[in-house]
Amino acid sequence: MDGYIIATVIKAILILAIISALAGFGTYIERKILAFMQRRLGPMHVGPYGLLQIAADGIKLFTKEDFIPQGANRIIFMIAPIITAATAFIALAAVPLLPEFEIFGITVRPIVSDMNIGLLFVIAMMGVGLYGPLLAGMAQENKWGLIGSARTAIQFLSYEVVTGLSLLAPIMMVGSLSLIDFNNYQAGGISNWIIWSQPLAFILFLISGFAETNRTPFDLLENEAEIISGYATEYSGMRWGMFFIGEYTNMITIGFLAALIFLGGFNPLGFIPGGIAIILKVSFLFFLMLWVRAAWPHVRPDQLMWLCWKVLMPLAVLNILVTGIVMMV
Amino acid sequence: MSLNNFKDRNVGVQNYRLLDLEPTPKTGWGKFKRVLRRSVKLELLVGLKVTFREMIKALFMGEMHTVKYPFEKLPISPRYRAIHQMLRLLESGHYRCIGCGLCEKICIADCIRMDTRYDENQRKEVTEYTINFGRCIFCGYCAEVCPELAIVHGGRYEVASEQRAEYALFEDMLTPIDQLKNQKEYPGFGAVSPNADENIKKTPLAY
């Protein structure tokens, strides 16, 4: 039992360290990819190919004044970014990041807790994550922040529905909520991937995943052109940075979820071992998010709601219905 | 970007064409049909294709647009009017300026000031010649009016200074004597036209 606790603590610390470093690295990758797609060079001068730009950004964020506006609700203003970052990392607890491997003769399962409601836990935690922007916007006594938090409420709540409904059909097929069961269900190679039997659910999940991670076609929460910076208007320094660590961690989580549920997870892919395979899949999904940001404009809030309630939700319900009928017959 | 492309930019005569945009549908059924058409035709993927193509072009086909400015510079037009230069006669190496004072007279910003005297050969000699670049508007009149092609515009356009009045002396602008063979004529206002030799007629005395 002691060994179990120690192993869990070590895993939690490792995940926290690696994923937050990856989230920082994600900002660099995002700037580079966006620059290349616009035929620019991106950050080039800090370190080789601008790699130390992350460190420069980190130093800047840490040394900036931690500013709390006079009219703000201090306590809520201070804990709101922590909610975003914390829930993003807690959601990763039920996600198996790599296949089992042996190190020093000990078999390591790279998942903090393989609970039987894994998927539900992840979605619930990402849902709780909406409290971060919501409280941040409402606590800062700023009209842009208030509009940002109002948009948070409508956007995240609406797309929660689509996420849940789109995942329901794969859950019906697998018959379990554990992400490891999802992975084992698709063990037979590419032809067994759930994306082939549930293409619509995959697309719906991606769309709602973009909305829940606040990525470009749906980045209405902090849309600079309309509402300055939305819920993050009054934030500075590391509190602002925590929102971004949370956002990039959520992107990584969505990448892992899509790879595990639809794209075969960490099963070996031909000659590629499973660990490399899932890293490749998640990297592609991360790249897809940046690619979409470079290519597409974002939608208006009313178009966002129209898309969610009038297109995506009926499609998701229809998908569940058809899946159910096919499974019964 | 090569100099040739830079000069042939053809501003104003590009082939603009109107997009054949369909009218916005009025009814709900029309809107639904448009959504269906747009999603089934996968128009969204065209945008992804374009950005990916641009990335491939930038990374592997050498079409990156960024110019790392202080390290590399775009070519400027040879007629660009930047900081002045004083040219020398190619044969003797003596400065071309004859001290006529026309540039001082025509300068509309009143930034050129010169002083001359007769030397021992009764030749005009420039004793003082300054240009106040804080006042100069780089209009090019001085280069245009100069009968000897002595004062011209060079290519040095980075002219930030710590003081509002930044004076340049005659010696600063004069071509260094060891750089004489690299001295270039200025093709802008006041320069000899390219077909000048054809336009010259012999004086009647030569017949």
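Quick notes on the rules
- Residues numbered from 1 in each chain as written.
- Chains lettered and ligands numbered in written order.
- Predicted model: local features only at pLDDT ≥ 70, side-chain atom pairs only at ≥ 80, totals over all residues.
- Helix = DSSP H or I, 4+ residues; strand = E, 2+ residues; numbered from the N terminus.
- Rg over C-alpha atoms; globule rule 2.2 N^0.38 Å.
- Buried ≥ 20, exposed ≤ 12 C-beta atoms within 10 Å, placed from the backbone.
- Contact = placed C-beta atoms within 7 Å.
- Expected span 1.5 Å × (residues − 1).
- Pairing = 2+ DSSP bridges.
- Domains from an automatic or database assignment.
- Axes fitted to C-alpha atoms, helices over the stretch in contact; angles between N-to-C directions.
- Parallel < 35°, antiparallel > 145°, perpendicular 65-115°, else oblique.
- Left-handed = near helix turned anticlockwise from the far one by under 90°.
- Nonpolar A, V, L, I, M, F, W, Y, C, P; charged D, E, K, R; others polar.
- Core = buried A, V, L, I, M, F, W, Y, C linked by C-beta atoms within 7 Å.

This part covers the overall build of chain B. A count of helical and extended segments in chain B gives 7 helices and 5 strands. When the helices and strands of chain B are listed from N to C terminus, the series reads α-α-α-β-α-β-β-α-β-β-α-α. Against the globule reference of 17 Å for 207 residues, chain B gives a C-alpha radius of gyration of 28 Å, more extended than a compact globule. By its C-alpha atoms, chain B is 95 × 55 × 40 Å across when sized along the principal axes. Residues counted as buried form 11% of the 207 residues belonging to chain B. The long-range share in chain B, meaning contacts at least 24 apart out of those at least 6 apart in sequence, stands at 73%.

A separate point is the overall build of chain A. Along its length, chain A carries 13 helices and 2 strands. The C-alpha radius of gyration computed for chain A amounts to 20 Å, which stays within 12% of the reference 20 Å derived for 329 residues, consistent with globular compactness. With the C-alpha coordinates of chain A rotated into their principal frame, the extents come out at 60 × 55 × 45 Å. At a minimum sequence separation of 6, the contacts of chain A that also span at least 24 residues come to 78%.

Its 22 residues give helix α12 (residues 274–295) of chain A an end-to-end C-alpha distance of 31 Å, which sits within 8% of 32 Å, the value for a rise of 1.5 Å per residue. Among the residues of α12(A), A277(A), I278(A), K281(A), V282(A), L285(A), F286(A), M289(A), L290(A), W291(A), A294(A) and A295(A) are the ones counted as buried.

All names here are of chain A. Look at N214: it is not a glycine, yet its phi comes out positive at around 65°. Topologically, N214 is positioned in the loop between α9 (199–212) and α10 (224–227). Here N214 falls in the buried class, since 25 other C-beta atoms lie within 10 Å of it.

Below, the discussion takes up the pairing of strand β3 (residues 124–132) of chain B. All names here are of chain B. Across 7 bridges, strand β2 (residues 112–118) lies against β3 in antiparallel orientation. Looking across to β3, one finds that T116 is bridged to V126. Hairpin connection, β2 to β3: the antiparallel pair is bridged by 5 residues, and Q122 has positive phi, about 60°. Judged from the 3 bridges that link them, β3 and strand β5 (residues 167–169) form a sheet pairing that is antiparallel. In the strand pairing of β5, I131 is matched with A168.

Looking now at the domain arrangement of chain B. For chain B, the assigned domains read domain 1 (1–6 + 22–75) and domain 2 (84–191). Distance between the C-alpha centres of domain 1 of chain B and domain 2 of chain B: 49 Å.

All names here are of chain A. Close contact between helix α5 (residues 131–139) and helix α6 (residues 143–174) brings their axes to 7 Å; oriented N to C, the two are set at 155°. Overall, the two elements α5 and α6 adopt an arrangement that is roughly antiparallel. The way α5 lies across α6 gives a crossing that is left-handed. Seen from α5, the contacting residues are P133, L134, A136, G137 and M138; seen from α6, they are G145, L146, G148, S149, T152 and A153. Tallied by class, the residues present in the contact of α5 with α6 amount to 6 nonpolar, 5 polar and no charged.

Residue and element names in this part refer to chain A. Relative orientation of the contacting elements α9 and helix α13 (residues 301–328) amounts to 145°, with a least axis distance of 10 Å. Here α9 runs over α13; the crossing is left-handed. Contacts between α9 and α13 involve L200, A201, L204, I207 and S208 on the former and, on the latter, L312, L315, A316 and N319. Here the residues of the contact of α9 with α13 sort into 7 nonpolar, 2 polar and no charged.

Bringing the nonpolar core into the picture now. V95(A), V122(A) and A258(A) are the most contacted members of the largest nonpolar core, which totals 87 residues. Sort the elements by how many residues they give to this core and helix α11 (residues 237–261) of chain A lands first, with 13 residues. When residues no more than four places from it in sequence are discounted, the contact partners of V122(A) are A91(A), A94(A), V95(A), T253(A) and L257(A). One finds C97(B), C142(B), A143(B) and V152(B) within the second-largest nonpolar core, a separate group that totals 16 residues.

The next subject is the interface of chain A and chain B. Each partner contributes residues to the interface: chain A has 9 residues there, and chain B has 15 residues. Mapped by element, the contributors of at least two residues to the side of chain A that touches chain B are α1 (2–37) and α12 of chain A. Sorting elements by how many residues they give to the side of chain A that touches chain B places α12(A) first, with 3 residues.

Before going further, it helps to examine the sheet that holds β5(B). Residue and element names in this part refer to chain B. The 3 strands lie next to each other as β2-β3-β5, forming an open sheet whose pairing is antiparallel. Of all strands in the sheet, those bounded by a partner on one side alone are β2 and β5. Averaged over all pairs of adjacent strands, the angle between their axes in this sheet comes to 15°, without regard to strand direction.

Residues and elements named next belong to chain A. Looking at where P268 falls in the secondary structure, it is placed in the loop between α11 and α12. Judged by local crowding, P268 falls into the partly exposed class, with 15 C-beta atoms found within 10 Å. In this view, P268 contacts P273, G274 and A277; residues no more than four positions away in its chain are not counted.

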